[in-house]
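Here is how the chains run, residue by residue.
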Amino acid sequence: TEASLDNQVSWWFGHAEYQLNSQWTFNAGLMLERSSLSQAGLVLPRLSGHYHIDDQHTLRAIYSTGSRQPTLYENRGRAFIRGINIPVTFYGVYASGGLDAEINRSFELGYHWQPSRQVHLDLRLFQERYSDYIGTFYRVAPDLQTMLPDHQVLDFANDNPITVKGLEAQWDWRNRSGTRLFASYALTAIDASGTRFDAGYEDSTPR
């Protein structure tokens with residue numbers, strides 16, 4: 001289209017920290033978000049607690065939420081081939097719109113070890129649950145001339161929840177001369193058994 005399209009997203013956020021004593025530290029945050037495209041107001045909280053066993057060992061638990069607003073292309077996108085000398089247009093993508101924002105709710109348990117300023121070890125167990133995940137699918141559009149057979153076009157829609165679970169480990173070592181060694185490991189699994197579209201979510205991350 002030659003028309004102007006716009007999307008305005010506003011955020012308001014705040015954060016507070018409370019130290020109960022030398023061992024316990026708590027954090028709380030809140031973000032309010034609104035998008036002119038989805039016309040939805042979101043409330044996104046975050047809570048965390050850190051327990052310092054001693055100067056070297058810390059345990060943590062974190063609950064957080066986040067969002068991803070649909071893009072203009074996902075909500076209003078068109079992809080087509082238009083003839084120059086003949087009045088014909090073939091569509092490949094035709095977004096039907098009406099998308100909601102993706103919401104991610106995450107829970108994490110972590111452990112941090114720092115025996116010295118030169119060595120860090122961080123372990124993290126996490127679970128993330130994505131609601132209204134914006135996925136792609138093929139639909140029949142009988143009123144359109146399409147690039148694909150059977151009048152199919154690519155469209156975008158909110159899918160059913162997807163759960164991601166995993167383990168992450170990071171090790172960092174450096175010496176006074178400037179040498180640094182960094183190693184990390186990740187094990188991730190996706191459960192998308194209840195989704196509507198066969199989009200290969202489970203295979204989209206390396207094991």
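Residues numbered from 1 in each chain as written. Predicted model: local features only at pLDDT ≥ 70, side-chain atom pairs only at ≥ 80, totals over all residues. Heavy atoms only, no water.

Q: Break down the overall build of the chain for me, with residues and values.
A: For the chain, the helix and strand inventory stands at one helix and 12 strands. Going from the N terminus to the C terminus, the chain shows its helices and strands as β-β-β-β-α-β-β-β-β-β-β-β-β. With the principal axes as the frame, the chain shows a C-alpha extent of 75 × 40 × 35 Å. Across the chain, contacts joining residues at least 24 apart in sequence account for 51% of those joining residues at least 6 apart. Of the accessible surface of the chain, which amounts to about 13400 Å², a share of 54% is contributed by carbon and sulfur atoms. When the 18 positive and 23 negative side-chain charges of the chain are each reduced to one mean point, those points stand 4 Å apart. (Helix = DSSP H or I, 4+ residues; strand = E, 2+ residues; numbered from the N terminus. Contact = heavy atoms within 4.5 Å. Areas by Shrake-Rupley, 256 points an atom, 1.4 Å probe, with all protein chains shown as cover. Lys, Arg positive; Asp, Glu negative; His and termini not counted. Charge placed at Lys NZ, Arg CZ, Asp CG, Glu CD.)

Q: Explain the pattern of salt bridges residue by residue, including any values.
A: One pass over the full model with this rule turns up 10 salt bridges. One salt bridge connects R60 with E108, and the closest N-O pair in it is separated by 2.8 Å. Here R60, found in strand 4 (residues 57-68), pairs with E108, found in strand 7 (residues 102-116); they are 48 residues apart in sequence, far enough to count as distant. For the residue pair R60 and E108, the accessibility class agrees, reading buried in each case. Between D155 and R139 there is a salt bridge; the shortest N-O distance is 2.6 Å. Remark: R139 occurs in strand 9 (residues 134-140) and D155 occurs in strand 10 (residues 152-158); sequence separation between them is 16 residues. Through salt bridges with shared partners, a single ionic network connects R60, E108, D122, R124, E128 and E168. (Salt bridge = Lys/Arg side-chain N within 4 Å of Asp/Glu carboxyl O. Buried < 20%, exposed > 50% of the residue type's maximum accessible area, 1.4 Å probe, protein only.)

Q: Residue-level account of the side chain of Q69, with values.
A: Its place among the elements puts Q69 in the loop between strand 4 and helix 1 (72-76). Judged by relative accessible area, Q69 falls into the buried class, the value being 11%. One polar contact links Q69 to E33, side chain to side chain, over a distance of 2.8 Å. (Polar contact = N/O pair within 3.5 Å; in protein donor to acceptor, adjacent residues only side chain to side chain.)

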